[in-house]
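# Fold and geometry: a report
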Amino acid sequence: MRTRIISLVFFPFFIYAQNIGSLDGRILDNQNQQPLEGATVIIEGTGSGVVTDEDGYFNFENIPTKSYNLTISFLGYRTKTIYNIILKSFGTPTIQVLLEESNDELEEIILVQSPFRTTRETPLSTQTFSAVEIETYPGGNNDITKVVQSMPGISPSIGGFRNDIIIRGGAPNESVYYLDGIEIPNINHFSTQGSAGGPLGLLNVSFIREVTLSSSAFGAEYDNPLSGVLSFEQREGNSKRLAGNFRFGATEAGITMEGPLFKKKENKSAKTTFLFSVRRSYLQFLFELLDLPIRPDYWDYQWKISHKINKYNSLIFLGLGSIDDFSLRSPKIFDSNIQASIEQAPIIKQRTITAGLSWKKKYKDGNGLMTTSLSTNRLGNIFSRFRDNISQSNVVFENDSYEWETKIRFKSVRYFNDWKTVLGANFQNSTYSNRTKNVLYGLNYYTKIKFLKLGFHARGERTFLNERLDFSIGFRMDSDSFSEGSSLTDNFSPRLSFSYKLKPDNRFKWNLSIGRYYKMPIYTMLGYKDNDGNYINKGSKYTRSDHYVTGFEYNSSNSSRITIEGFYKKYSQYPVSLIDNISLANKGGGFEVLGNEPISSDGKGKTYGIETLYQQKLNKNFYGVFAYTFFYSRFTSIQGDYLPSVWDSRHLISFSGGYKLKKNWEISARWRFSGKTPYVPVNINATLVSYPEIILDYQKLGTVKLNTFNQADIRFDKKWNFKKLSFNLYFQIENFLVQSIPFPKEYGLNRDQSGLIIEPLSLVELDREDRSNTPIPSIGFVVDF
């Protein structure tokens, strides 16, 4: 019945229905990134195959529209399969494939390049997923950071609605983010300053080719990771014609345009292409119609311009920005729960932008490449709470801050005989200003700091024992001109990785990684002043995290793998709050300003556990990932006692997968489980004095726990293809099993039925049952043209 209704609505398009499409791409050498002429490209299950031209390009025409796997082979290289390519009449992105050269001594064995990306430097603790996997992800709403939430070892935020990246028991601010090699400090709307989480992602999936999450064995070129590196690889714009898409989802609508920037030569790909998108939320209008008090209003925009100067040189100019405003309105009908939310919620005005220019130069001898990038990023954040949030009068807390970074990064990759060497450096100019007023603690100060930061890194890697043993060794060093707690040599960060193939066909491997990683103190911490104008935290040290990870990987087929890993993270020099007497690892997962307080750098921590995973790329119409993590997470208090952190749930289970049905139907599902998690209860007596500021009783950390988190989402997709466009309609239900989502106890002022406060003042627990077990249905569509 649903299909018939949709058919009637889109009848004009069905007249021109087209069930064929085209697919093109380019095959490059992984080492020098030069095109490979003569590579064979086959669409599995069709018998269709082509050979790449002198520039490495290939093209298929008149292929039936459905999902395919693409296999690429070339003499002297490992055969590679690209899984789950959705071929459409319009909107199929160009494929780019890097082939790895194989050893001549192994010609008798057909070597297959694993679809599960690892490197000699990062041989384990790595997950890679494509734009297709993001687009069809249940509960994700095309939000990349929501998809990352279901990766192995990632803990859900409290309530499960925020995009905090909490990896293997670490804190939410322990990961870094890179877009085509350009660092982006913020990837969420309404993000937590000093951390990076927020309720909605910034990045547009229409730009993405691939996303890689590393939870250990980080590349030496990345500074400041303690628990994770999330790297986004963007595709290039359409080089042949003007194209685009329109997306309508559960929270926003957006348009993406792409194509050649200048007129191209006939039958040639354009040298300069562009991608540009803008998205706007509509939740503020919907909530107004529903008479809900919150008004989350946001925009984001993104662009990428790619230019090929010649066969050896290319330029990329990219950017990402957001405009966020969170305000409140009084509902027409009084409700005590809603009134408490109005009183306690923050008012947020946030502006972010990152822009970067990257020059890639391939060495003419074919033995490497050089990348130089210049980027700048800015954050303006006004975070406030008032006695009266509706009129925004009588301020209780206000943080009006500004961050501005300008960065230059250089990296050179060279190949000498069997060795690959990488050398690089980064230089950064930082400006941070902040005006803070905190009535509760009697603070009212203005701060502005400017300083330089520099870093150096190097690594070498090669294979031994007839390509059976991979070896990588490297280091980096970082320092800055403001903080006084540690020097360049203090922050020496070595790392070492091994990977041994227990079978010569590369199906069974033992992996090992040991590394030391540092993170600079965050700006809110360094800029904190007392009322006498002293920078109390200027002596803060760089936080240190030592990783010890080992495990096995077994490829049961060319499209599946099983991994088991043991990990141990040992923290030192971790910031500890001198107000709450607990580690800042327990903070940063809510709507707050992290680090704007006096701290000590004497904290320690440890997280350790075991993680197992089964992953299946598209095979016989099924794909999926199942993972289980058992772990402990402990951080010290000001007294030096190890306490369970607020992320110490012990058990994490995640599953995500889908099945391709006939006639371009697809069903997918996601399930996340987290064990009972410690939380910090409200200090009722202190909150009664400071209300609407909520004061937590950190002395009770570890004494109370939330119930288990258990949420399942399901999604249905249907695709239609026409001569002028393709159309994808999806319907999804979050929490379709109607499980209760655990929340900490919340309190508001005791009021009568008319809303008047009952004297003497007292706090009463709020009833949140209405939001804890409600399924959330949503519908969306994508039109490619």
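Residues numbered from 1 in each chain as written. Predicted model: local features only at pLDDT ≥ 70, side-chain atom pairs only at ≥ 80, totals over all residues. Heavy atoms only, no water.

Each helix and strand in the chain was counted, giving nine helices and 44 strands. For 785 residues, the compact-globule estimate of 2.2 N^0.38 gives 28 Å, and the chain sits close to it at 26 Å. A principal-axis box enclosing the C-alpha atoms of the chain has dimensions of 80 × 70 × 45 Å. The 785 residues of the chain split such that 57% are buried. Restricting the contact set of the chain to residue pairs at least 6 apart, pairs at least 24 apart contribute 66%. Surface accessibility of the chain: about 32,700 Å² in total, with carbon and sulfur atoms responsible for 57%. Across the chain, the mean location of the 91 positive side-chain charges is 3 Å away from that of the 79 negative side-chain charges. (Helix = DSSP H or I, 4+ residues; strand = E, 2+ residues; numbered from the N terminus. Rg over C-alpha atoms; globule rule 2.2 N^0.38 Å. Buried < 20%, exposed > 50% of the residue type's maximum accessible area, 1.4 Å probe, protein only. Contact = heavy atoms within 4.5 Å. Areas by Shrake-Rupley, 256 points an atom, 1.4 Å probe, with all protein chains shown as cover. Lys, Arg positive; Asp, Glu negative; His and termini not counted. Charge placed at Lys NZ, Arg CZ, Asp CG, Glu CD.)

A cluster of acidic side chains, namely Glu-37, Asp-53, Glu-54 and Asp-55, defines a negative patch on the protein surface. Note that Asp-53 resides in the loop between strand S3 (48-51) and strand S4 (57-64). Looking at Asp-53, the relative accessible area reads 35%, which means it is partly exposed. (Patch = residues over 30% accessible without salt bridge, like charges linked within 9 Å, V, L, I, M, F, W, Y side chains within 5 Å. Salt bridge = Lys/Arg side-chain N within 4 Å of Asp/Glu carboxyl O.)

Bringing the pairing of strand S40 (residues 709-721) into the picture now. Summarising burial for S40: eleven of the 13 residues are buried, a large majority. Where strand S37 (residues 665-674) and S40 come together, ten bridges link them in antiparallel fashion. Of the residues in S40, the one forming a bridge with Phe-673 is Asn-710. As paired elements, S40 and strand S41 (residues 726-734) share nine bridges and run antiparallel to each other. (Pairing = 2+ DSSP bridges.)

Tracing the chain through its elements places Leu-613 in strand S33 (residues 599-619). Sequence separation of Leu-613 and Arg-162 is 451 residues, and the distance between their C-alpha atoms is 24 Å.

Another aspect to go through is the packing of aromatic side chains. This model, assessed by the stated rule, comprises 35 aromatic pairs. Each ring, one from Trp-419 and one from Phe-464, has its centre 6.4 Å from the other, and the planes form 85°; the classification is edge-to-face. With a gap of 45 residues between them, Trp-419 in strand S26 (residues 419-438) and Phe-464 in strand S27 (residues 443-464) connect regions that are remote in the sequence. Classification of Trp-419 by relative accessible area gives partly exposed; the value is 32%. Of the residues examined, Phe-464 reaches a relative accessible area of 31% and is grouped as partly exposed. Seen from their ring centres, Phe-508 and Phe-552 are 6.1 Å apart, and the 35° between their planes marks the pair as tilted. Placement of Phe-508 in strand S30 (residues 508-519) and of Phe-552 in strand S31 (residues 543-557) is noted, with a sequence separation of 44 residues between them. (Phe/Tyr/Trp six-rings, centres within 6.5 Å; stacked < 30°, edge-to-face > 60°.)

Another point: empty space enclosed by the protein. Counted under the stated rule, the structure contains nine cavities of 30 Å³ or more. Estimates place the volume of the largest cavity at around 590 Å³. For the lining of the largest cavity, the elements supplying multiple residues, two or more each, are strand S12 (175-179), strand S22 (313-328), strand S23 (347-362), strand S24 (368-388) and strand S25 (393-416). The residue inventory of the lining of the largest cavity, partitioned by class, reads 13 nonpolar, 14 polar and six charged. (1 Å grid on protein atoms, 1.4 Å probe; cavity = no way out; pocket = protein on both sides within 12 Å on 5 of 7 lines; lining within 4 Å. Points joined across faces, edges and corners; volume = space filled by probe spheres on them. Nonpolar A, V, L, I, M, F, W, Y, C, P; charged D, E, K, R; others polar.)

Moving on, we come to the confidence of the model for the chain. Taken over all residues, the pLDDT of the chain has a mean of 92, while the share at 70 or more is 96%. Note that residues 1-15 has pLDDT below 50 and, in this model, ten contacts with residues that lie over four places away or in other chains. Here residues 105-109 is a poorly scored stretch, pLDDT under 50, and it has five contacts once near neighbours within four places are set aside; other chains count. (pLDDT = per-residue confidence, 0-100.)

With that settled, consider the side chain of Ser-191. With respect to the secondary-structure elements, Ser-191 resides in the loop between strand S14 (188-189) and strand S15 (200-201). A distance of 3.0 Å separates a polar atom in the side chain of Ser-191 from a polar atom in the side chain of Asn-186. Once residues within four sequence positions are removed from consideration, Ser-191 is found in contact with Asn-186, Ala-196, Gly-197, Gly-198 and Gln-350. (Polar contact = N/O pair within 3.5 Å; in protein donor to acceptor, adjacent residues only side chain to side chain.)

This paragraph deals with the pairing of strand S18 (residues 243-248). Looking along a regular strand, one sees the side chains alternate between the two faces of the sheet. Note that S18 and strand S19 (residues 252-260) share six bridges and pair antiparallel. Bridge pairing in S19 links Arg-247 to Gly-254. The antiparallel hairpin formed by S18 and S19 contains three residues in its connecting segment. With four bridges joining them, S18 and strand S44 (residues 776-784) adopt antiparallel strand pairing. Bridged to Arg-247 within S44 is Val-782.

Here we have three strands laid out as an open sheet, ordered S4-S1-S7, and mixed in their pairing. Only two strands of the sheet have a single neighbouring strand rather than two, namely S4 and strand S7 (95-99). On average, each strand axis in the sheet is tilted by 25° relative to the strand beside it, whichever way the strands run. Pairing of strand S1 (residues 20-29) with S7 involves five bridges; the strand directions are parallel. Within the sheet, the bridge partner assigned to Asp-29 lies in S7 and is Leu-99. (Axes fitted to C-alpha atoms, helices over the stretch in contact; angles between N-to-C directions.)

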